[in-house]
Amino acid sequence: MRLLLVEDDQALREILAKRLAQEGYAVDACGDGNEGLDFALAAPYDGIILDIMLPGIDGLTLLKHLRARHVASSVLLLTARDAVDDRVQGLDCGADDYLTKPFAYAELSARLRAMLRRSAPSRSPILQVGTLEMDTVARTVHRAGKTISLTAKEYALLEYMMCNAGQVLTPGQIYDHVWACQSGLDSNLVPVYIGYLRAKIDRGEATTYIQTLRGFGYVLREETHEA
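This structure is a prediction, so every number in the text was calculated from the model and none was measured. (Residues numbered from 1 in each chain as written. Predicted model: local features only at pLDDT ≥ 70, side-chain atom pairs only at ≥ 80, totals over all residues. Heavy atoms only, no water.)

J.: How would you sum up the sheet that holds strand S3 (residues 47–51)? Please name residues and give values.
T.: Pairing is parallel in the open sheet, where 5 strands are placed in the order S2-S1-S3-S4-S5. Every other strand in the sheet has two partners, leaving strand S2 (26–30) and strand S5 (97–100) as the edge strands with one partner each. For this sheet, the mean inter-axis angle between neighbouring strands, taken without regard to orientation, is 15°. When strand S4 (residues 74–79) meets S5, the two strands line up parallel, connected through 4 bridges. Bridge assignment links Leu78 to a residue of S5, and that residue is Leu99. Sheet contacts for helix H1 (residues 10–22): strand S1 (2–6), S2, S3 and S4; angle to S2, the most-contacted strand, approximately 170°. (Pairing = 2+ DSSP bridges. Helix = DSSP H or I, 4+ residues; strand = E, 2+ residues; numbered from the N terminus. Axes fitted to C-alpha atoms, helices over the stretch in contact; angles between N-to-C directions. Contact = heavy atoms within 4.5 Å.)

In structure tokens, the structure reads:
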């Protein structure tokens, strides 16, 4: 899942971005309304965490611009203003949920998960390809009933590939979705993490799930190889 965090409080922004990344989300973060609008229009985000009081343009104005341009990303508003009229105004502008400051991170995380589930009501929380199964609520992965332990980034990569099973994904697409715009990172992380997943999921198996199409990218699909 790819998220955009627009929060002008640098300390809070850095803490939230770090915690969300630890949960396996790919996070772009900025502290200015104009920059947030540029980010939101430049790439598809599964969810946007948006502070209302921002420099540049405020969060509600930013949200109105997004909805006017038919950006369908789910939006969770953050604000220190807790009056009923403020909450109603935010929801009427197109927000999907509303959280007042100060808040516990556990509540933000739970609201975010619920919001993202609501935005894709037709998709089962269980992703399955052959005997490979992922529970996106419990955040567990099994192959033929055997538990596979993954790091947060390995999980995020596998979730992206399972959501797009059968579709060829370029290294650029994978990098943008899983790592977003985290500075100082090497795009060679993609083949490295593909290798990590193969070692945990496919090694020693006659049937494999993570396939490489040289010159194109990677695809998750079930293939059986003769001994």
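J.: Outline the nonpolar core, supporting the account with residue identities and numerical values.
T.: Membership of the largest hydrophobic core comes to 28 residues, with the highest contact counts inside it found for Leu132, Leu158, Ile174 and Leu220. For this core, the secondary-structure elements that each account for two or more residues are strand S6 (126–129), strand S7 (132–135), helix H6 (152–163), helix H7 (171–178), helix H8 (189–201), strand S10 (207–213) and strand S11 (217–224). Ranked by residues supplied to this core, first place goes to H6 with 7 residues. In this view, Ile174 contacts Leu157, Tyr160, Leu169, Trp179, Val190 and Tyr218; residues no more than four positions away in its chain are not counted. Counting 22 residues, the second largest nonpolar core, distinct from the first, contains Ala43, Ile48, Val71 and Cys93. (Core = buried A, V, L, I, M, F, W, Y, C linked by side-chain atoms within 4.5 Å. Buried < 20%, exposed > 50% of the residue type's maximum accessible area, 1.4 Å probe, protein only.)

J.: Lay out the side chain of Thr136 with the relevant residues and their values.
T.: Positionally, Thr136 belongs in the loop between S7 and strand S8 (140–143). A relative accessible area of 16% means that Thr136 is categorised as buried. In contact with Thr136, other than residues within four places in its own chain, are Pro125, Leu127, Tyr155 and Glu159.

J.: Account for the pattern of salt bridges, with residues named and values stated.
T.: For the structure shown, the criterion picks out 10 salt bridges. Across the pair Glu7 and Lys101 runs a salt bridge whose closest N-O atoms are separated by 2.9 Å. Here Lys101 lies in the loop between S5 and helix H5 (105–119) and Glu7 lies in the loop between S1 and H1, a separation of 94 residues in the sequence. Lys101 sits in the partly exposed class, given a relative accessible area of 24%. The shortest N-O distance in the salt bridge between Arg221 and Glu223 comes to 2.8 Å. We classify Arg221 as partly exposed; its relative accessible area is 33%. (Salt bridge = Lys/Arg side-chain N within 4 Å of Asp/Glu carboxyl O.)

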